[in-house]
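Chain residues, written in single-letter form:
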Amino acid sequence: MNSIDAWVWWLVVAAALGIPLVVTAMPEFGMFAVGAVAAAGTAGLGAGTVIQVLVFVVVSVALIAVVRPIANRHAAQRPQLATGVDALKGRQAVVLERVDGGADGRIKLAGEIWSARALDPDRAYEVGQEVDVVEIEGATAIVI
């Protein structure tokens, strides 16, 4: 009877760990799979079973301890490039129709005409004045 080498079993384990990685999108399974590949390499070099398991555990735990915090920190960061209405916040616009805290006026913002309202209800901006966009609420720019 032909026996299968230990390194082949480790590769089978690595492939088996790749399946839940793809299905669940949990990166920890990928880190375990890399640990299994490292153990396969150790087995291919002729190391004993205890050493293979130790390599699997050490590599897997090291990857989780190092990669996971980096990934969490990266996921918590805001995107560097603002898009959509977020990209309009902080931009300057020119008043086309009087803008105050009551009725909506009109501004030219990023080459487009927007309805606008003053952030301070007691403040009014006249035609031709430059204003700063602080918020977008629906299709209305809130300006100061």
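Just so it is clear, the structure is predicted and the values come from calculations on it, not from any experiment.

A closer look at a nonpolar patch on the surface
Together, Ile-19, Leu-21, Val-22 and Val-23 line one region of the surface with nonpolar side chains, adding up to about 400 Å² of accessible area. Tracing the sequence through the fold places Val-22 in helix α1 (residues 6–24). Under the relative-accessibility criterion, Val-22 is labelled exposed at 68%.

Comments concerning the environment of Glu-112
With respect to the helices, strands and loops of the structure, Glu-112 is situated in strand β4 (residues 112–118). Residue Glu-112 is classed as partly exposed on the basis of its relative accessible area of 47%. It is 9.7 Å that separates the C-alpha atoms of Glu-112 and Ala-93, two residues lying 19 residues apart in sequence.

Some words on helix α3 (residues 49–76)
Between its first and last C-alpha atoms α3 spans 40 Å; for 28 residues at 1.5 Å apiece the expected length is 40 Å, and the two agree. The largest bend along α3 measures about 25° and falls at Val-67, with the proline Pro-69 one to four residues further on. Those residues of α3 not exposed but buried are Gln-52, Phe-56 and Ser-60. Among the structural elements, α1 and α2 (27–44) are those in contact with the buried residues of α3.

Some details on the pairing of strand β6 (residues 130–137)
Bridge analysis of strand β1 (residues 92–97) against β6 gives three bridges, and the strand direction is antiparallel. Bridging from a neighbouring strand, Ala-93 pairs with Val-131 of β6. Connecting β6 to the antiparallel partner strand β7 (residues 140–143) that follows it, the hairpin turn spans two residues, and Gly-138 within it adopts a positive phi of roughly 65°.

Thoughts on the UniProt feature "transmembrane region" (unreviewed entry) in the chain
Mapped onto this structure's residue numbering, the UniProt feature "transmembrane region" (unreviewed entry) falls at residues 49–71. Annotated as 100% helix and 0% strand, the span residues 49–71 places its first and last C-alpha atoms 32 Å apart.

Things to note about the packing of α1 against α3
Relative to each other, α1 and α3 sit at 25°, their axes nearing to 12 Å. By the angle class used here, α1 and α3 are roughly parallel. Considering how the two elements wind past one another, α1 and α3 form a crossing that is right-handed. Each of Ala-6, Trp-10 and Leu-17 in α1 lies in contact with α3, whose residues at this interface are Gln-52, Val-53 and Phe-56. Of the residues assigned to the contact of α1 with α3, the class counts are five nonpolar, one polar and no charged.

Here is what the cut-offs are and how they apply
Residues numbered from 1 in each chain as written. Predicted model: local features only at pLDDT ≥ 70, side-chain atom pairs only at ≥ 80, totals over all residues. Heavy atoms only, no water. Patch = residues over 30% accessible without salt bridge, like charges linked within 9 Å, V, L, I, M, F, W, Y side chains within 5 Å. Areas by Shrake-Rupley, 256 points an atom, 1.4 Å probe, with all protein chains shown as cover. Salt bridge = Lys/Arg side-chain N within 4 Å of Asp/Glu carboxyl O. Helix = DSSP H or I, 4+ residues; strand = E, 2+ residues; numbered from the N terminus. Buried < 20%, exposed > 50% of the residue type's maximum accessible area, 1.4 Å probe, protein only. Expected span 1.5 Å × (residues − 1). Bend = angle between axes of the 7 residues up to and from the residue. Contact = heavy atoms within 4.5 Å. Pairing = 2+ DSSP bridges. UniProt positions renumbered as here; feature names shortened; annotations may be inferred. Axes fitted to C-alpha atoms, helices over the stretch in contact; angles between N-to-C directions. Parallel < 35°, antiparallel > 145°, perpendicular 65-115°, else oblique. Left-handed = near helix turned anticlockwise from the far one by under 90°. Nonpolar A, V, L, I, M, F, W, Y, C, P; charged D, E, K, R; others polar.

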